[in-house]
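Given next are the chains, with one letter for each unit.
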Amino acid sequence: MLQNYTETVVLQLLNSVLEDYKKNKNPNICTCERCRQDIMAIALNNLPPRYIATDTGEVITQVAFNQFGGRAEIITQLIKAIEKVNANPRH
Ligand SMILES: [Zn+2]
């Protein structure tokens, strides 16, 4: 099974990045499903995909997470995407 590792990490980090942003920068940002999807789409379009082959159902472990790195870059892109969506929410 082919998996885009970048997508997995974006999904894993979205909630905590959103919460931090809400707490520290702007308590009024919208976190509805629509905005979350937009944030993910923008962040993923700005990040290089990293495809890895896994056995069916295998979960990417914390070890893989650390091996690949790129976490800081993903957080940076998520924050940029949050700001973009919030400046112009599509609903
Ligand atoms: Zn929204």
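What this report covers is the structure whose coordinates are included nearby. As the structure is a prediction and not an experimental result, all values here were calculated from the model. Sequence order as written defines residue numbering, which begins from 1 separately in each chain. In keeping with the predicted nature of the model, local features appear solely for residues at pLDDT of at least 70, side-chain atom pairs appear and are counted solely at 80 or more, and the whole-chain, interface and lining totals rest on all residues. Note: side-chain values were computed over all heavy atoms of the structure, leaving out hydrogens and water.

## Considering the pattern of salt bridges
To be explicit about the condition: Salt bridges are defined as contacts in which a side-chain nitrogen from Lys or Arg sits within 4 Å of a carboxyl oxygen from Asp or Glu. Runs of E in the DSSP output that reach at least two residues are strands. Runs of H or I that reach at least four are helices, and both are numbered from the N terminus. For every residue, the accessible area obtained with a 1.4 Å probe (protein chains only) is divided by the maximum for its type, and the residue is called buried under 20%, exposed over 50%, and partly exposed between those limits.
Inspection of the entire model under this criterion finds two salt bridges. Ionic pairing is found between Arg90 and Asp38, a salt bridge with its closest N-O pair at 2.9 Å. One end of the pair, Arg90, is in the segment after helix 4 (71–87); the other, Asp38, is in helix 2 (residues 33–45), with 52 residues separating them in the sequence. With relative accessibility at 56%, the residue Arg90 sits in the exposed group. Connected via shared salt-bridge partners are Arg34, Asp38 and Arg90.

## A word on the coordination of the zinc ion
Octahedral metal centres with six donors ideally show angles of 90 or 180 degrees, and tetrahedral centres with four donors ideally show 109.5 degrees. The criterion, for reference: Sites may look incomplete because water is not among the atoms; the donors themselves are N, O and S atoms within 2.8 Å of the metal, or within 3.2 Å for Na, K and Ca. Square planar and octahedral sites, with four and six donors, are those where opposite donors lie more than 155 degrees apart and all other angles lie between 65 and 115, tetrahedral sites have four donors with every angle between 85 and 135 degrees, and the rest are irregular.
Taken together, the protein ligands of the zinc ion are Cys30 (SG), Cys32 (SG), Cys35 (SG) and His91 (NE2), with distances of 2.1 to 2.3 Å. What the four donor atoms of the zinc ion show is an angle range of 94 to 120° at the metal, which sorts the shape as tetrahedral. Donor residues binding the zinc ion come from one chain and are separated in sequence as C-x1-C-x2-C-x55-H.

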